[in-house]
Amino acid sequence: MTEELDPETWRQRLLDLREELQAIEREGGSSTGTVELDQQRMGRLSRMDALQGQQMAQASARRRLEMLTRIEGALRRIEAGDFGDCFVCGEAIGENRLSVDPTVTRCIDCVNA
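Keep in mind it's a predicted model, so treat the numbers as computed, not measured.

Draft legend 1. Looking closely at the overall build of the chain. In terms of regular secondary structure, the chain is built from four helices and zero strands. Overall, the chain shows an N-to-C arrangement of helices and strands of α-α-α-α. In the chain, which comprises 113 residues, the proportion classed as buried is 28%.

Structure below.
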């Protein structure tokens, strides 16, 4: 773990982000349900809009779940003392890069390689 990274600060930041995503998941669970295709109740364009809205909600839910998985990985790396180290080369990941996304696992050089 790089010296300038305070593990407790990053841990709290990741926990806050996880709680925020979990709250969104709890509040928005109904928008990914089955779309009612009753032609008597809604027209074709309304059904298409509903299906598009459902697909967008499902994609957002998938992205949230992926981010939650990445957050759990980052929290495990903090516990192991590996947070902020590149998985590929072992060098420190830049603090600016981590501040944008604290779940990243590769330094900018390895991402661009």
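There is more to say, and it comes next.
Draft legend 2. Quick look at helix H1 (residues 7-27). Spanning 21 residues, H1 covers 30 Å between terminal C-alpha atoms, matching the ideal 30 Å at 1.5 Å per step. All of the buried residues in H1 are Trp10, Leu14, Leu15 and Leu21. Angularly, the buried residues of H1 cover 135 degrees about the axis, an arc narrow enough to put them on a single face. Residues of H1 that are exposed and point more than 90 degrees away from the buried face comprise Arg26 and Glu27.

Draft legend 3. How the structure looks around the UniProt feature "domain: Zinc finger DksA/TraR C4-type" (unreviewed entry) in the chain. According to UniProt, the positions carrying the feature "domain: Zinc finger DksA/TraR C4-type" (unreviewed entry) are residues 81-110. Its end C-alpha atoms 20 Å apart, residues 81-110 is made of 30% helix and 0% strand.

Draft legend 4. Seen up close, the nonpolar core. Counting 16 residues, the largest nonpolar core has Leu14, Phe83, Ile93 and Leu98 as the members making the most contacts within it. Listed by contribution, the elements that provide at least two residues to this core are H1 and helix H2 (44-80). With five residues, H2 is the single largest residue contributor to this core. With residues up to four places along the chain from it excluded, the contact list for Leu14 reads Ile71, Ala74, Leu75, Ile78, Phe83, Pro102 and Thr103.

Draft legend 5. Focus on the environment of Arg64. For Arg64, the position within the fold is in helix H2. Remark: the alpha-carbon pair of Arg64 and Leu21, spanning 43 residues in sequence, is separated by 6.4 Å. Excluding anything up to four places from it in sequence, Arg64 contacts Leu21, Ile24 and Glu25.

About the thresholds
- Residues numbered from 1 in each chain as written.
- Predicted model: local features only at pLDDT ≥ 70, side-chain atom pairs only at ≥ 80, totals over all residues.
- Heavy atoms only, no water.
- Helix = DSSP H or I, 4+ residues; strand = E, 2+ residues; numbered from the N terminus.
- Buried < 20%, exposed > 50% of the residue type's maximum accessible area, 1.4 Å probe, protein only.
- Expected span 1.5 Å × (residues − 1).
- Arc of directions from axis to C-beta.
- UniProt positions renumbered as here; feature names shortened; annotations may be inferred.
- Core = buried A, V, L, I, M, F, W, Y, C linked by side-chain atoms within 4.5 Å.
- Contact = heavy atoms within 4.5 Å.

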